[in-house]
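# Notes for the structure review
The residues making up each chain are set out below.
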Amino acid sequence: MIIRARAILTMDGSPIENGAVAISGNRIIDVGSFPEVSARHSEQEIVDLGEQALLPGFINAHCHLDYTCLRGQIPPQKSFADWIRAINAEKARLSAQDYVASIAEGFAEAKRFGTTTIANLTAFPELIARIDPLIRTWWFAELIDVRSPERVNELVDLAVKSLKPAANWGLAPHAPFTASKDLYRRCEEVARCENVLLTTHLAESREEMSMFRDGAGPLYEFMKEIGRDMSDCGDQTPLDRFLGTVRDSSTALRSARNDKKAVRNDAGWIVAHLNELAESDFELLETFRGKFHVVHSPRSHDYFAHSAFAFERLRDLGFNLCLGTDSLASNENLSLFAEMRAFRRGEPAVSPKEVLEMVTVNGGRALGRPQILGRIRANYFADLIAIPCRGITDVFEEILAFDEPVHWIMLNGKT
Ligand SMILES: [Zn+2]
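Residues numbered from 1 in each chain as written. Predicted model: local features only at pLDDT ≥ 70, side-chain atom pairs only at ≥ 80, totals over all residues. Heavy atoms only, no water.

### Comments concerning the pairing of strand S10 (residues 197–202)
Burial within S10 is extensive, with six of its six residues counted as buried. The two faces of S10 match: Leu197, Thr199 and His201 on one face and Leu198, Thr200 and Leu202 on the other face are all buried. Note: strand S9 (residues 168–173) against S10, two bridges, orientation parallel. Bridging across to S10, Gly170 finds its partner in Leu197. Following the chain from S9 across helix H5 (residues 181–194) to the adjacent parallel S10, one finds a crossover that is right-handed. Across four bridges, the pairing between S10 and strand S11 (residues 270–273) is parallel. (Buried < 20%, exposed > 50% of the residue type's maximum accessible area, 1.4 Å probe, protein only. Helix = DSSP H or I, 4+ residues; strand = E, 2+ residues; numbered from the N terminus. Pairing = 2+ DSSP bridges. Right-handed = clockwise from strand over helix to strand, strands pointing away.)

So, in structure tokens, the structure goes:
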């Protein structure tokens, strides 16, 4: 099949005017100007999308579809610890069936807004088998061992059993304040053996910083109250705590190289947030230049009124920066168009093309699939969306301004 459009945004160089993409099965096999592509594949059926721009489907690099049903339910709280209390109270009212319905609703909404790939954290991996994901999905089991740190292996093994039937999966020790060092290490071991991905929340709130650095504050008090071992608090930043954990475990793994399977996955952690960084953290990040991926969620960030996201400094340190919606407990919808606009309001100097890269190319890199996800290029997945374009302004500006459901979506070669 050949798809013709007024403009093709391949994410490699400038848009192709009067362009075309040839598709075979679930892959792109050719892209270029319409006359060239149609001559090279003359026997193929042609679908003309007319006055539209064709671009890669979007990649949401961080979200929790579990909480789609909590949209608008939790007003901003005066502390992050209070917000955790509030969401825990909401969660206590939900049944497994509610979560299945919530996740299904989330997939449908994400797809409506042109998202074709999603990194979805779930606290209920046992529900995965009951859900049709609708779009390309990396399922991450969100793991918390704060109440049972002695059961790390059992917790991880149980999650892995539910995750394995999924096409793409990974592990998500929740955050340094809810996941023990042992849990992080066990997740790293399993990820390396199984060649799967890792993600975590890090340095999200000011309270997480004061908990680890000062051994004080509302989150410190809350976690202490629920019985967390607080002996790692008082003399380090959240980033210190995280990098200390993963550095220790990679050293341990290097010394255990006789396990041949243990070295395949070097894709790097997908780190959500990274809002609260001390100056000493930036010095530390110098030594980890580009070693992991960072997901920023601008609207959730605004909802919580976190400190400004250090976009330029992190970009200059070579980190791969992506966008995610986070959950609807702290955001109003699953539109990455709206997420790009919110990002741009805070960073008006960043070009619309670079913003678009954060939901396409950069997402593909974070998911360890830079050769098949996030561009329109031969051999990439045929995950495409079309957006009306009038050519009045810059086409990338038009994409960012788009504010409606996406009417034409191709996923895995199928519309
Ligand atoms: Zn999150």
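### Some words on the coordination of the zinc ion
Within the first shell, the zinc ion binds the protein through His62 (NE2), His64 (NE2), His201 (NE2) and Asp326 (OD), at distances of 2.0 to 2.8 Å. Note that the zinc ion binds four donor atoms; their angles at the metal cover 87 to 165 degrees, and the shape is irregular. (Donors = N, O, S within 2.8 Å, 3.2 Å for Na, K, Ca; no water. Tetrahedral: all angles 85-135°; square planar, octahedral: opposite > 155°, others 65-115°.)

### Some remarks on the side chain of Glu90
Here Glu90 shows up in helix H2 (residues 80–91). Discounting residues that sit within four places of it in the chain, Glu90 has contacts with Leu70, Gln73 and Ile74. (Contact = heavy atoms within 4.5 Å.)

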